[in-house]
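Summary of the model geometry
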Amino acid sequence: MSRPTRAFIDSAALRANLQRVKACAPRQRVMAVVKSNAYGHGAIKVAKLLQSDVDAFAVRSVEEALQLRETGIRKPIVLLEGFFQSNELPEIAKQELQIVIHTSKQFEYLLKARIEKPVTVWLKVDTSLHRLGFRPDEIEPIYKMLKQCSNVAPPIRLMSHLSCADDRQDASTEEQTQMFMALARHLELETSLANSAGILGWPQTHCDWVRPGIMLYGVSPFPDSVARQEGLQPVMQLQSALISVKRLRKGDSIGYGATWTCPQAMPVGVVAIGYADGYPRHAPSGTPVLVNGRRVPLIGRVSMDMITVDLRSQPNASIGDPVLLWGKNLPIEEIASLAGTIGYELLCNINSPLKQTP
Ligand SMILES: *Cc1c(COP(=O)(O)O)cnc(C)c1O
């Protein structure tokens with residue numbers, strides 16, 4: 001017997017979501033974003049499942065990239081934040097990692113580096129996210145110097161990141177795209193702009209390479225839709241079980257702070273999942289949970305390792321019965337919205353010890 005809490009990874013759903021990417025962007029190359037341990041799904045597992053059907057992977061650090069190389073992933077791996085210190089460059093070159101260059105500092109280090117082979121560079125332009133990247137007017141001189149640099153392997157590519165693509169009405173996506181495309185045309189560079197929201201909602205952003213993250217994991221990037229409406233399938237099935245069922249009396253209160261009180265005599269279940277597992281502490285009473293495949297409301301506060309649920313609609317539920325916290329038939333988007341966050345954060349918060357292959 002062990003604690004019944006698991007995050008199952010549905011590999012068929014993952015593959016189906018990649019096919020959805022390809023249906024949206026059939027002529028583009030695909031850089032699968034597996035940063036942050038593949039949004040909590042396990043980067044090694046996800047990369048192995050996808051590697052034969054994608055053109056590259058994207059991660060956030062050399063450490064994440066090396067983990068993939070060590071398990072035999074040979075596909076190009078792009079470091080989305082480039083490198084942080086110049087002493088990372090020899091390993092980057094040796095492992096054939098590709099780097100995003102977004103600061104003059106990185107650019108200077110690269111020009112001066114002593115490395116055994118040239119590295120592939122993605123030049124990042126800031127088209128209004130105002131996070132990483134050079135101003136559009138700074139790009140051309142940097143590009144010209146990079147082109148002359150023996151440490152840089154051709155082709156140099158141009159990338160940017162959309163700031164408001166998850167809002168289908170926002171005019172700034174069109175403006176960002178125009179600015180980006182004008183620069184790319186002028187310099188005749190290969191391009192990449194679209195994240196999941198761009199792939200699903202803005203065909204004009206597809207360019208040469210798309211960079212899907214959240215949609216691969218079967219979560220909608222839009223605040224007003226769930227996976228199914230976007231043709232996606234939830235990959236993570238967050239599961240647990242009832243570990244206690246008891247009949248409480250009218251007036252009994254539930255959990256820390258006694259925030260919920262039984263309006264009548266009723267059965268209450270305890271589920272082995274809590275905020276230490278990554279279930280959001282801010283999920284309020286009323287947040288749905290599937291017990292035996294049917295919705296019941298969470299009641300009272302989320303504890304570190306447990307939650308309590310109202311079992312009035314399932315008087316026969318008993319210890320050991322399966323519980324789903326999100327996944328198929330229970331959209332993570334709904335839970336995220338109730339907890340005041342987004343699916344991205346919920347996925348990333350799932351602790352790695354929970355991960356299990358079905
Ligand atoms: C994380 C990230 C992506 C993927 O974004 P999603 O919204 O998850 O599809 C794409 N590009 C960059 C630069 C990123 O940092």
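In every chain, residue numbers begin from 1 and rise along the written sequence. With the structure being a predicted model, the display of local features is reserved for residues of pLDDT at least 70 and the display and counting of side-chain atom pairs for 80 or more, all residues being used for whole-chain, interface and lining totals. Only hydrogens and water are set aside; all other atoms, that is, all heavy atoms of the structure, feed into the side-chain values.

Labelled according to an unreviewed UniProt entry, the protein appears under the name Alanine racemase, originating from Candidatus Thiomargarita nelsonii. Per UniProt, the protein has the following entry under Function (unreviewed entry): "Catalyzes the interconversion of L-alanine and D-alanine. May also act on other amino acids." UniProt positions are given in the numbering used here, feature names are shortened, and annotations may be inferred rather than shown by experiment.

**Side note on the site of the ligand**
Residue proximity to a molecule or strand is established when one non-hydrogen atom of the residue lies within 4 Å of it. In the vicinity of the ligand there are 13 residues, among which K35, Y39, S196, I214 and Y344 approach most closely. Nitrogen and oxygen atoms within 3.5 Å of one another constitute a polar contact, given that in protein one can donate a hydrogen and the other can accept it, and given that sequence-neighbouring residues count only through two side-chain atoms. Within the backbone of G213, an N or O atom sits 2.9 Å from an oxygen atom of the ligand. In this description, accessible areas are obtained by the Shrake-Rupley approach with a 1.4 Å probe, and a residue is regarded as covered only by the protein chains that are shown. Taken by itself the ligand offers 390 Å² of open surface, and the protein chains cover 93% of this. Side-chain classes follow a simple rule in which Ala, Val, Leu, Ile, Met, Phe, Trp, Tyr, Cys and Pro form the nonpolar group, Asp, Glu, Lys and Arg form the charged group, and the remainder, Gly included, forms the polar group. A breakdown of the residues in the shell around the ligand according to their chemical character gives six nonpolar, four polar and three charged.

**Section: the pairing of strand β6 (residues 119–124)**
Throughout, exposure labels follow a simple rule: accessible area from a 1.4 Å probe, protein chains only, divided by the maximum for the residue type, with under 20% read as buried, over 50% as exposed, and the rest as partly exposed. Secondary structure elements follow DSSP: runs of H or I of four or more residues count as helices, runs of E of two or more count as strands, with numbering from the N terminus. In terms of residue burial, β6 counts as a mostly covered element, since six of its six residues are buried. Side chains V119, V121 and L123 project from β6 onto one buried face, and the interleaved T120, W122 and K124 project onto a second face that is buried too. At least two bridges found by DSSP between two strands is the condition for calling them paired. Alignment of strand β5 (residues 97–101) against β6, held across three bridges, turns out to be parallel. What sits directly across from V100, in β6, is W122. Remark: the β5/helix α6 (residues 104–112)/β6 crossover connection has right-handed handedness. By the bridge criterion, five bridges tie β6 to strand β7 (residues 152–159) in an arrangement that is parallel. If you follow V119 over to β7, its bridge partner there is V152. If the strands point away from the viewer and the path from the first strand over the helix to the second runs clockwise, then the crossover is right-handed.

**Comments concerning the environment of L354**
Note on placement: L354 falls in the loop between α11 (343–348) and β18 (355–356). Taking the relative accessible area as the measure of exposure, L354 reaches 8% and is therefore buried. Separated by 313 residues in the primary sequence, L354 and H41 place their C-alpha atoms 9.9 Å from one another. Dropping the residues within four chain positions of it, L354 is found in contact with T5, R6, A7, L238 and D277. Pairs of residues are marked as contacts when any of their non-hydrogen atoms sit within 4.5 Å.

**Details of the UniProt feature "modified residue: N6-(pyridoxal phosphate)lysine" (unreviewed entry) in the protein**
What UniProt calls "modified residue: N6-(pyridoxal phosphate)lysine" (unreviewed entry) maps, in this numbering, to K35. Taking relative accessible area as the criterion, K35 reaches 28% and is therefore assigned partly exposed. Beyond its immediate sequence surroundings of up to four residues, K35 is in contact with A58, V59, R60, E64 and L80.

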